[in-house]
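Geometric and topological summary
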Amino acid sequence: MASKEPDHEHREDEETPAADDEDTGAQVAPIVKLEEVDVSTGEENEDAILDLKSKLYRFDKEGNQWKERGAGTVKLLKHKETGKVRLVMRQSKILKICANHLVLPTMTVQEHAGNDKSCLWHAADFADGELKDELFCIRFASVENCKAFMEMFQEVAESQKSIDENKDASAAAESLEKLSVKEKKAEEKAGEAVATKEEKETEVENTGKPDNEKKDGEPASST
């Protein structure tokens, strides 16, 4: 009886397939050349003074309930020139803005009742492209992060008071300076007007003298 050849044995005439990743040395030029594009985030002139992961909620007045705005990173960004600070939060991965507003001197943040990892505050928010009065609630992974956020928020709000006071003082000084310049110009114009009037009066007096008026020391002609 003829024996059957095992399946795992290879025949001598079986060809070995070529490797798929064999380097042929050929160079293929790309069909489309992609150029590097600079993407602006709007944060180039700001420094992050706080950066924490969190989840944000807003209170829906119509539905009388909290609605999630998104989970991501909340930042406090300080402008390099003006010193103004704004709160910005973007959703993870898609980077959609879910909060964007200035931190003002009148703002206060308070701990959420019954949850020491969350806190609340009111703000005029611009995340949707128009100013809306919002009540926000933000939740952090730890109590420490929540406290750090609240402390920094309050510190920034306090610091904005001095900025506003300095601006008011500068504006007042500028107004006084402009007023002084106007008064000085008015005085100069008044002086010029008086000088012009005196010149005209002198000219009229000289013009009104009779021709036969004799100069001092000139003898009168005999008749």
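Everything below is about the structure printed above this text.
These lines cover the structure that appears in this document, whether it is placed above or below. The residue numbers shown here count from 1 along each chain, following its written sequence. For a predicted model such as this one, the threshold for reporting local features is a pLDDT of at least 70, and the threshold for listing and counting side-chain atom pairs is 80 or more; totals across whole chains, interfaces and linings nevertheless cover every residue. With hydrogens and water excluded, all non-hydrogen atoms of the structure serve as input to the side-chain values.

**A word on the pairing of strand 2 (residues 65-79)**
Worth spelling out the cut-off: Two strands qualify as a pair provided DSSP detects at least 2 bridges between them. Secondary structure counts use DSSP, requiring at least four H or I residues in a row for a helix and at least two E residues in a row for a strand, with both numbered from the N terminus.
Direction of pairing for strand 1 (residues 46-60) relative to strand 2: antiparallel, over a ladder of 14 bridges. In the strand pairing of strand 2, Glu46 is matched with His79. Bridge count between strand 2 and strand 3 (residues 85-91): seven bridges; the pairing is antiparallel. Note on strand 3: the bridge partner recorded for Lys75 is Val88.

**Re the pattern of salt bridges**
Applicable threshold: Every case where a carboxyl oxygen of Asp or Glu lies within 4 Å of a side-chain nitrogen of Lys or Arg is listed as a salt bridge. With a 1.4 Å probe rolled over the protein chains alone, any residue whose accessible area is under 20% of its type maximum counts as buried; one over 50% counts as exposed, and the rest are partly exposed.
Inspection of the entire model under this criterion finds eight salt bridges. Linking Arg69 and Asp128 is a salt bridge whose minimum nitrogen-to-oxygen distance equals 3.5 Å. Of this pair, Arg69 sits in strand 2 while Asp128 sits in the loop between strand 6 (118-125) and strand 7 (132-139), and the two are 59 residues apart along the sequence. Note on Asp128: relative accessible area 41%, which makes it partly exposed. The closest approach of N and O atoms between Asp128 and Lys132, which form a salt bridge, is 3.4 Å. Sharing partners across several salt bridges, the network here consists of Glu43, Lys75 and Arg90.

On their own, these measurements won't tell you what the molecule is for.
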